[in-house]
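The lines below spell out each chain.
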Amino acid sequence: MDVFTALIFLISTLLVSTTKGFDPCPSSKGSDLSVIHVHGQCSPFKQKNAGSWVSTVVNMASHDPARVTYLSSLVASPKATDVPIASGQQTLNTGNYVVRVKLGSPGQLMFMVLDISRDAAWVPCAACTGCSSPTFSPNASSTYASLQCSVPQCTQVSGLSCPSTGAAECYFNQTYGRDSSFSATLSQDSLGLAADTIPSYSFGCVNSVSGSRSTLPPQGLLGLGRGPMSLLSQSGSLYSGVFSYCLPSFKSYYFSGSLRLGSLGQPKNIRTTPLLRNPRRPTLYYVNLTGVSVGRVLVPVAPELLTFDPNTGAGTIIDSGTVITRFVEPVYAAIRDEFRKQVKGPFTTIGAFDTCFVATNEDLAPPVTFHFSGLDLKLPVENTLIHSSAGSLACLAMAAVPYNVNSVLNVVANLQQQNLRIMFDVTNSRLGIARELCN
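If you're wondering where the values come from, they're calculated on a predicted model, not measured in any experiment.

### Here's the deal with helix α5 (residues 329-342)
Here is step 1: Spanning 14 residues, α5 covers 20 Å between terminal C-alpha atoms, matching the ideal 20 Å at 1.5 Å per step.
Here is step 2: Those residues of α5 lying buried are Val331, Tyr332, Ala333, Ala334, Ile335, Arg336, Glu338 and Phe339.

### Here's the deal with the nonpolar core
One broad trend across soluble globular proteins is that nonpolar side chains are buried collectively.
Here is step 1: Counting residues in each nonpolar core, the largest one holds 79 residues, and the members touching the most others are Leu193, Leu222, Phe243, Tyr245, Leu259 and Phe370.
Here is step 2: Per-element accounting of this core gives the leading share, five residues, to α5.
Here is step 3: Trp122, Phe172, Ala184 and Val206 belong to the second-largest nonpolar core, a separate cluster that totals 19 residues.

### Here we look at the state of the cysteines
Here is step 1: Across all of its chains, the model carries six disulfides by this definition.
Here is step 2: The disulfide partner of Cys125 is Cys205, and the gap between their sulfur atoms is 1.9 Å. Here Cys125 and Cys205 share a disulfide; its torsion about the S-S bond, -135 degrees, makes the bridge left-handed. Remark: Cys205 occurs in strand β10 (residues 196-211) and Cys125 occurs in strand β5 (residues 122-129); sequence separation between them is 80 residues.
Here is step 3: By relative accessible area, Cys125 is classed as buried at 1%.
Here is step 4: In this model Cys128 forms its disulfide with Cys131; the gap between the sulfur atoms is 1.9 Å. Classification of the bridge connecting Cys128 and Cys131 rests on its S-S torsion, roughly 55 degrees, and on that basis the disulfide is right-handed.
Here is step 5: On the basis of relative accessible area, Cys128 is assigned to the buried category, the value being 14%.

### Focus on the sheet that holds strand β16 (residues 289-294)
Here is step 1: With antiparallel pairing, four strands are arranged side by side in an open sheet as β17-β16-β22-β23. In the strand order of this sheet, the two ends are held by β17 (297-298) and β23 (375-378), each with one partner.
Here is step 2: Sheet strands in contact with α5 are β16 and β17, and its direction is about 20 degrees off that of β16.

What counts, and where the lines are drawn
For every chain, the first residue of the written sequence is number 1, and numbering continues from 1 along that sequence. Where local features are concerned, this predicted model is filtered to residues with pLDDT of at least 70; where side-chain atom pairs are given and counted, the filter is 80 or more; whole-chain, interface and lining totals use all residues. Calculated side-chain values reflect all of the structure's heavy atoms, with hydrogen atoms and water omitted. What counts as a helix is a DSSP run of H or I of at least four residues, what counts as a strand is a run of E of at least two, and both are numbered from the N terminus. Expected helix span is given by 1.5 Å per residue-to-residue step, counting one fewer step than there are residues. Partly exposed residues are those whose accessible area sits between 20% and 50% of the maximum for their type, while under 20% is buried and over 50% is exposed, using a 1.4 Å probe and protein chains only. What makes a nonpolar core is a set of buried Ala, Val, Leu, Ile, Met, Phe, Trp, Tyr and Cys residues whose side-chain atoms join them at distances within 4.5 Å. In this description, the term disulfide denotes a pair of cysteine sulfurs within 2.5 Å. When DSSP finds two or more bridges between a pair of strands, those strands are recorded as paired. Whether two residues are in contact is decided by their heavy atoms: any pair within 4.5 Å suffices. Inter-axis angles, ranging from 0 to 180 degrees, are taken between N-to-C directions of lines fitted to C-alpha atoms, where helices are fitted over the stretch in contact.

Structural data, given as structure tokens:
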């Protein structure tokens, strides 16, 4: 074999091995858990005819008012693990991200929505009325058990339904979105996250669903809030109260994002801001937003519209389930008006986006910077603007809290968090942000 033939053979071999080695939808390995948007190519929920890109995002953002209403209603009563995250944007018309987990023994694969503003996990179970397939089968798991009203966990779920006397299974009822609700039995089973297994994990086994199923996560929800039923609380010392995620773009098809559990593997040189706890809404992750700049202009807003107030629940939170960042109306109006000053109109409205302009003027669009205590986050242009499918229009991807929502919350949403590593260190009360491309 001459040198030229040998070289061709070597290149061909490398191309074949590289092609075979690429898997756009790989299984979790080691301590990595991927994250995908619910409409991503690897999501089991993707829709064949999802419509135009901008109409899909507008539709997703239309669920934000219900999400903000839920957030506003919340009033008190030894190794790193990376779980793949993906965008399911091609599938469910919601702005949520899903992770792959295994529940039961042997493990049954479930694609659960990641939600940092809820605590309790729940999945649709076999024989559920109104649930979509697939469902979790308790009878197929050797470690499954339903929980009684007498166990401590039963008092930690909202919507509890237990008799005042006598033994009974722990049932609870909850709402989700604008017009969905479900009833579930509090249960326990093994939860598999990449290479980790958490035994006796408490979750709701959904028995029935009522109302619209369009906003209800079809294979359940994994709560990473700050309450006693959340993943961080139930995993004890395993993850040391630390997790982070990188959310891929809505347009990212594959499990390219990640949910990293535990202190190992977190960025060492990451900018941080204090993570605040509000006793009126103890599940939520509050941060101290001190101001917003548009270009070089610090937008003038009344301090009380941003100030963290533990007595009223006011302030700013980081949320994984809201699609576009929402400010209380006076704050948003000030940001929008300054943005419009610096960009040539005219402006039009598309759905929730009231500042859309000809994309040829995009070069005039100023950067938007969120000022937190000790940390400034200058948003990349892809986290600031959203484009129409034809590319002819660009829109400021933020909005006011809906008029019918009596909210004192500002919500930093998932579109503004894409392609950033967001680290939650609950133990040390800090939140970190670092640039990371995970598309």
